[in-house]
Structures are given as C-alpha cells and as structure tokens.
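Residue strings, one per chain:
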Amino acid sequence: MHKWRWYVLTTGFLCSLLRLHNWAPISITGCSKNPELRNVFNSVNQHSGAQPTALAMAVLAYAEHIDSRQVLSHALNRTANKHVSLDIRPEQYDIVGKHLLASIGEVLGEAATPGLIDAWLVAYQQLAAIMSGAQADLYSKSVAKKGGWSGWPPFVVKQKM
Ligand code: HEM
C-alpha cells in the first residue's frame with residue numbers, strides 16, 4: 001500500500017477510535033463503545049491524531065521490515081515501555097486491531113481482497129504478540145522489584161506536604 005493511502009487510513013482509524021471512545025460529535029449507530037479504554041488515551045493526542053498515526057505508522061513500518069525485525073527493535077522497545085507506563089494490556093490489542101483492520105478495509109475498498117486483509121491481520125497479530133510479550137517481561141520485572149507492583153493497586157495518601 002502506498003504511504004499516502006496509509007495517511008488516509010490513519011484519518012479513518014482516528015475516526016474509528018473516536019467513535020470507539022464515543023467522542024465523535026455525532027452518534028454513529030452500530031459502533032461498539034469501549035469506555036474501559038477511555039482513560040488510557042490522552043485526549044489532546046487523540047484530537048490531533050498523533051496516537052492513531054503513531055500506531056498505524058508503526059504497523060506499516062513493521063510490515064515493511066517484516067523480514068528484518070531487528071531494524072525496529074529500538075522503536076518496539078521504546079513503545080513497549082510507553083505502553084507499560086500506561087498499563088496497556090494484551091486484550092486491548094484485539095480491540096484496537098479490529099478497528100485498524102476495519103480502516104484498512106475501508107481505505108482499500110475493492111482492493112481489499114480477503115487474502116490481503118488476512119495478510120494484514122496476521123502482520124498485526126504478530127506485532128501485537130511481540131509487543132505484548134515485551135510488555136509482559138517489563139511488567140514481571142516491575143513486580144519483581146522491591147516494593148514493585150503491576151496495575152492499579154489502591155494507594156493511601158498518608159500525608160499532604
Ligand atoms: C500493535 C499495536 C500497537 C502499536 C504498533 C502501537 C504503537 C504505538 C506507538 C509507536 C506509540 C508512540 C510511542 C512513543 O511515544 O514513543 C504508541 C503510544 C501509545 N499507544 Fe500504542 N500501539 C499499539 C497498540 C496500542 C493499544 C492496544 C493501546 C491501548 C488501547 C495503545 C495505546 C497507546 C497510548 C495511550 C499511547 C500514548 C499516546 C500519547 O502519548 O498520548 N496502543 N503506540
């Protein structure tokens with residue numbers, strides 16, 4: 001797919017995510033809402049398109065370097081760390097993947113043959129598995145540290161300075 005089409009895709013993907021988060025100015029029927037994802041998305045970057053663009057461009061970069069993944073190792077590591085800082089979990093990859101794949105289908109139109117969509121699905125799932133695996137390592141290291149934790153444990157404010 002040409003890069004310009006991929007940029008168009010990020011716009012569609014952004015719309016899809018905005019609908020997903022129920023932030024679209026109009027309500028669109030037939031769109032599932034996933035309020036459990038709302039707290040992880042920074043609304044400024046959502047409206048500017050930065051996050052969906054970063055995500056879609058990373059998937060494109062993965063597809064372009066599918067035979068030489070070490071080229072992407074630094075970027076993957078950085079992204080895994082960012083995701084861990086936001087407590088992104090494996091099941092969220094499926095939701096995002098569903099919307100990304102739907103956007104690829106919309107942008108490609110008739111060119112989106114079942115074989116092509118399947119190939120993108122496999123590439124996305126591979127990347128999601130690599131990233132979830134890297135995140136699982138980071139979560140385990142974080143738990144193993146002295147006083148470490150994972151997720152959102154209840155904290156008690158003992159003193160205000
Ligand atoms: C294979 C799937 C994914 C890829 C390739 C991907 C890629 C990226 C990239 C490249 C960034 C920017 C990292 C940086 O700042 O250095 C990013 C940030 C982010 N990603 Fe992902 N991502 C994926 C899945 C997800 C999922 C499943 C979620 C949550 C539902 C998510 C939520 C976020 C958020 C909230 C940010 C930070 C945006 C901000 O700075 O406001 N991503 N992702």
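Here is what the cut-offs are and how they apply
- Residues numbered from 1 in each chain as written.
- Predicted model: local features only at pLDDT ≥ 70, side-chain atom pairs only at ≥ 80, totals over all residues.
- Helix = DSSP H or I, 4+ residues; strand = E, 2+ residues; numbered from the N terminus.
- Buried ≥ 20, exposed ≤ 12 C-beta atoms within 10 Å, placed from the backbone.
- Contact = placed C-beta atoms within 7 Å.
- Axes fitted to C-alpha atoms, helices over the stretch in contact; angles between N-to-C directions.
- Parallel < 35°, antiparallel > 145°, perpendicular 65-115°, else oblique.
- Left-handed = near helix turned anticlockwise from the far one by under 90°.
- Nonpolar A, V, L, I, M, F, W, Y, C, P; charged D, E, K, R; others polar.
- Core = buried A, V, L, I, M, F, W, Y, C linked by C-beta atoms within 7 Å.

Identification of the chain as Globin domain-containing protein from Dyadobacter fanqingshengii is taken from an unreviewed UniProt entry.

S.K.: What's the story with the overall build of the chain in this structure? I'm lost.
M.R.: When its secondary structure is counted, the chain shows 6 helices and 0 strands. When its helices and strands are written in sequence order, the chain yields α-α-α-α-α-α. Counting all 161 residues of the chain, 14% fall into the buried class. Counting contacts in the chain only where the partners sit at least 6 residues apart, residues at least 24 apart contribute 68% of the total.

S.K.: For this particular structure, what's the right way to read unusual backbone geometry?
M.R.: It is generally the case that most residues other than glycine have a negative phi and that most peptide bonds are trans. Despite not being glycine, Asp87 shows a phi value in the positive range, around 60°. Relative to the elements of secondary structure, Asp87 occurs in the loop between α4 (73–85) and α5 (90–108).

S.K.: Explanation requested: the packing of α5 against helix α6 (residues 114–144) in the structure shown.
M.R.: Geometrically, a packed helix pair is captured by the angle between its two axes and the distance between the axes. Look at α5 against α6: their axes get within 10 Å of each other, and the N-to-C directions meet at 155°. One way to sum up the angle between α5 and α6 is to call them roughly antiparallel. Considering how the two elements wind past one another, α5 and α6 form a crossing that is right-handed. Contact with α5, carried on its side by Pro90, Tyr93, Gly97, Leu100, Leu101, Ile104 and Gly105, involves Ile117, Trp120, Leu121, Tyr124, Ala128 and Ser132 of α6 and no other residues of that element. For the contact of α5 with α6, the residue count by class is 10 nonpolar, 3 polar and no charged.

S.K.: Help me understand the nonpolar core in this model?
M.R.: Side chains of nonpolar character tend, in soluble globular proteins, to be buried together. Counting residues in hydrophobic clusters, the biggest one holds 11 residues: Ala56, Val59, Tyr62, Ala80, Tyr93, Val96, Leu100, Ile104, Tyr124, Leu127 and Met131. Secondary-structure elements contributing two or more residues to this core are α3 (50–64), α5 and α6.

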